[in-house]
Amino acid sequence: NNFHQQVPQKIAIGSTNLFVLQHQEKIVKFIDSTPEAEIHSIQTGSIHLQDMLVQEEIDLGLISDPIVLPNIVIEPLNIGYDVSVVISADNPLAAQAKLQFKDLEALNFCVLSEDYVLSNRYLIERGKENHFEPHISFIHNDWEILVHYTKQLKAVCLLPSALESNCVVDGLKWIPLDDPI
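### Quick notes on the environment of glutamine 96
Structurally, glutamine 96 is set in the loop between strand 4 (83-88) and strand 5 (108-112). Sequence separation between glutamine 96 and proline 176 is 80 residues; the distance between their C-alpha atoms is 9.4 Å.

### Thoughts on the nonpolar core
Counting residues in each nonpolar core, the largest one holds 38 residues, and the members touching the most others are Val85, Ile87, Leu104, Val147, Leu158, Leu159 and Trp174. Those elements that place two or more of their residues in this core are strand 4, strand 5, helix 5 (120-129), helix 6 (143-153), strand 7 (156-160) and strand 8 (172-176). With residues near it in sequence (within four places) discarded, tryptophan 174 still touches Ser84, Val85, Val86, Val147, Leu159, Pro160, Ser161, Leu163, Glu164 and Cys167. Formed by seven residues, the second largest nonpolar core is a distinct cluster that contains Ala12, Ile42, Ile63 and Ile72.

### Here's the deal with the pairing of strand 5
Every regular strand shows the same layout, with side chains that alternate between the two sheet faces. Taken across its five residues, strand 5 has four buried, putting it largely inside the fold. In this sheet, strand 6 (residues 135-140) lies alongside strand 5 in parallel orientation, the contact comprising five bridges. Within strand 6, the residue paired with leucine 112 across the bridge is histidine 140. Handedness of the crossover joining strand 5 and strand 6 through helix 5: right-handed.

### Let's talk about empty space enclosed by the protein
For the structure shown, the criterion picks out one cavity of 30 Å³ or more. The calculated volume of the largest cavity comes to roughly 170 Å³. Considering the residues around the largest cavity, the lining is formed by 14 residues, among which Thr16, Leu18, Tyr81, Tyr116 and Pro160 are closest to the centre. Considering every element that reaches the lining of the largest cavity, the biggest residue donor is helix 2 (residues 17-22), with three residues. Tallied by class, residues from the lining of the largest cavity come to 10 nonpolar, four polar and no charged.

### A word on helix 5
For helix 5, every residue scored as buried is listed here: Asn120, Tyr122, Leu123, Arg126 and Gly127. The arc enclosing the buried residues of helix 5, seen along the axis, measures out at 155 degrees, which places them on a common side. Exposed positions of helix 5 whose direction lies more than 90 degrees from the buried face are Lys128 and Glu129. Of the surrounding elements, those touching the buried residues of helix 5 are strand 5, strand 6 and strand 7. Once helix 5 finishes, histidine 131 follows within two positions and takes phi at roughly 65 degrees, a positive value.

### Description of unusual backbone geometry
In the Ramachandran plot, glutamate 56 falls in the positive-phi region, its phi being about 60 degrees despite a non-glycine side chain. Within the secondary structure, glutamate 56 is located in the loop between helix 4 (46-54) and strand 3 (60-62). Non-glycine residue lysine 154 carries a positive phi angle of around 50 degrees. Topologically, lysine 154 is positioned in the loop between helix 6 and strand 7.

### A look at helix 4
When helix 4 is considered as a whole, its buried residues turn out to be Ser46, Ile47, Leu49, Gln50 and Met52. Looking at the buried positions of helix 4, the neighbouring elements they touch are strand 1 (10-15), strand 2 (38-43), strand 3 and helix 5. Immediately beyond the C-terminal end of helix 4, within one or two residues, lies glutamate 56, with a positive phi of roughly 60 degrees.

### Some details on the packing of aromatic side chains
Evaluated as defined, the whole model comprises three aromatic pairs. Both rings, one in phenylalanine 101 and one in phenylalanine 109, keep their centres 6.2 Å apart while their planes meet at 20 degrees; by these two values the pair is stacked. Comparing phenylalanine 101 with phenylalanine 109 shows no difference in burial state: the two are buried. A centroid spacing of 5.5 Å and a plane angle of 20 degrees characterise the contact between phenylalanine 101 and phenylalanine 132, whose relative ring orientation is stacked. Here phenylalanine 132 lies in the loop between helix 5 and strand 6 and phenylalanine 101 lies in the loop between strand 4 and strand 5, a separation of 31 residues in the sequence. A residue is classified by how much of its surface remains accessible, and phenylalanine 101, at 0% relative accessible area, is buried. In textbook terms, an aromatic cluster arises when at least three aromatic residues are bridged by ring pairs, as seen for Phe101, Phe109 and Phe132.

What counts and what doesn't
- Residues numbered from 1 in each chain as written.
- Predicted model: local features only at pLDDT ≥ 70, side-chain atom pairs only at ≥ 80, totals over all residues.
- Heavy atoms only, no water.
- Helix = DSSP H or I, 4+ residues; strand = E, 2+ residues; numbered from the N terminus.
- Core = buried A, V, L, I, M, F, W, Y, C linked by side-chain atoms within 4.5 Å.
- Buried < 20%, exposed > 50% of the residue type's maximum accessible area, 1.4 Å probe, protein only.
- Contact = heavy atoms within 4.5 Å.
- Pairing = 2+ DSSP bridges.
- Right-handed = clockwise from strand over helix to strand, strands pointing away.
- 1 Å grid on protein atoms, 1.4 Å probe; cavity = no way out; pocket = protein on both sides within 12 Å on 5 of 7 lines; lining within 4 Å.
- Points joined across faces, edges and corners; volume = space filled by probe spheres on them.
- Nonpolar A, V, L, I, M, F, W, Y, C, P; charged D, E, K, R; others polar.
- Arc of directions from axis to C-beta.
- Phe/Tyr/Trp six-rings, centres within 6.5 Å; stacked < 30°, edge-to-face > 60°.

This is the structure:
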């Protein structure tokens, strides 16, 4: 509310691709409610957005936990997201209704970069918790590219489940990860 009283002429809003998809109506409503402002939208990972907030490169950020940098004031939306394992349909694990992280030990991973919460850093931490070192084959910032490389490399990828409807690729299955992120 205070933000609306002092609207700058240009507003840089950073968000993850997932938030842009999930909150499109709210973002459009905000843009409509501030016709005097020019909205510049930046999509990247939550970790990178936190750095951009601290460096004052963006005015507002839609970010997800964990908050890794100090000096960030947040107003929680109290929304989380489910994670799916994207896997080749011919992998024996594709027959499972749910998977746990420990089930993925012998597989190769395609992962998001460290700009994102579901990054190689997250993968390594979860591997340690499950007593194995994940083999990372490919790292990229674009989830659509990751999905296609996952198919070509017959690897697995962890992505927010909400992205599934936006990235249907023949020969891949999205299986819910039955572990907290």
